[in-house]
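Fold and geometry: a report
Given next are the chains, with one letter for each unit.
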Amino acid sequence: MKIALLGYGKMGQVIERIALERGHEIVLKKEENNTFEGLFTADVAIDFSVPTAAVTNISACFHANVPVISGTTGWLEQYDEMTKLCAATNGGFISSSNFSLGVNIFFEINEYLAKIMSKFDSYKVSMEEIHHTQKLDAPSGTAISLAKGVIENSSYTHWTLETPDTTQIHIATKRIGTVPGTHTVTYDSAVDAIEIKHTAHNREGFALGAIIAAEWIVGKQGVFTMKDVLELK
């Protein structure tokens, strides 16, 4: 499989190494000011760039008839625009806040727990996410996805970084050293607390999941999620 890497930072370099180990070929390594030369020869593109470049990268893939996997966060106010462009060009698209297999299992556990806890008003949910100091967005896309998972399965309606009211989920964000990503969801009451937590040890899990998604989407048209890839629906 021929892969175009859109974004060649630390994550792009890990994706390249794992892709080569799995027998794939890298036909483009695009940094911010590079051209898209090589994109038209790719079977699939993987975008781990920056929020300001994501929409341009994804659009270029659709117009080149190349399915795209996007792990870039911080641009999702234009997500609907990209899904419409995907449909108009008969493209293939997966965007995820986190491609880690473990995190996507964690998403499922989070939703299931939220359904159970929605019956017990004595518990208040909160979240904490910890990432490396170079991470640009806060809260993380993964934390937002976790909050949405709770909101869709409970009476909560919003998340906030500020002091929450009874309808809001508080997300605490920390930027520490080189931490790849730690996410904790806590249900706290006067008598006890229930906590679920995912800790990434390195970037390998994010990269591997993105490559698995890229392998899966080749030859497919439409907008998909990691639930489709991992058959979690």
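Note that the structure is predicted; figures quoted are calculated from it, not measured. (Residues numbered from 1 in each chain as written. Predicted model: local features only at pLDDT ≥ 70, side-chain atom pairs only at ≥ 80, totals over all residues. Heavy atoms only, no water.)

Before going further, it helps to spend a moment on the overall build of the protein. Helix and strand counts for the protein stand at seven helices and 11 strands. A compact globule built from 233 residues would reach a C-alpha radius of gyration of about 17 Å, and the protein, at 18 Å, matches this within 12%. Its C-alpha atoms put the protein at 60 × 40 × 30 Å along the principal axes. Taken over 233 residues, the protein has a buried fraction of 48%. The long-range fraction of contacts in the protein, counting pairs at least 24 apart against all pairs at least 6 apart in sequence, stands at 64%. Of the roughly 11500 Å² of accessible surface on the protein, 52% is carried by carbon and sulfur atoms. Charged side chains of the protein number 19 positive and 27 negative; the gap between the two group centres comes to 2 Å. (Helix = DSSP H or I, 4+ residues; strand = E, 2+ residues; numbered from the N terminus. Rg over C-alpha atoms; globule rule 2.2 N^0.38 Å. Buried < 20%, exposed > 50% of the residue type's maximum accessible area, 1.4 Å probe, protein only. Contact = heavy atoms within 4.5 Å. Areas by Shrake-Rupley, 256 points an atom, 1.4 Å probe, with all protein chains shown as cover. Lys, Arg positive; Asp, Glu negative; His and termini not counted. Charge placed at Lys NZ, Arg CZ, Asp CG, Glu CD.)

What follows covers the pairing of strand β1 (residues 2–6). By the criterion of burial, β1 is predominantly enclosed, with four of the five residues buried. Direction of pairing for β1 relative to strand β2 (residues 25–30): parallel, over a ladder of five bridges. Note that in β2 the partner of A4 across the bridge is L28. Handedness of the β-α-β unit built from β1, helix α1 (residues 10–21) and β2 comes out right-handed. Inspection of the sheet shows β1 paired to strand β3 (residues 44–47) by four bridges, in the parallel sense. (Pairing = 2+ DSSP bridges. Right-handed = clockwise from strand over helix to strand, strands pointing away.)

What follows concerns the sheet that holds strand β11 (residues 222–224). In a beta sheet, neighbouring strands pair by backbone hydrogen bonds and run either parallel or antiparallel. Taken in spatial order, the six strands make up an open sheet running β2-β1-β3-β4-β5-β11, and their pairing is parallel. Every interior strand has two partners, whereas the edge strands, β2 and β11, have only one. Between one strand axis and the next, the sheet turns through 20° on average, direction left out of account. Along the sheet, helix α3 (residues 79–88) makes contact with β5 (92–95) and β11, crossing β5 at roughly 160°. (Axes fitted to C-alpha atoms, helices over the stretch in contact; angles between N-to-C directions.)

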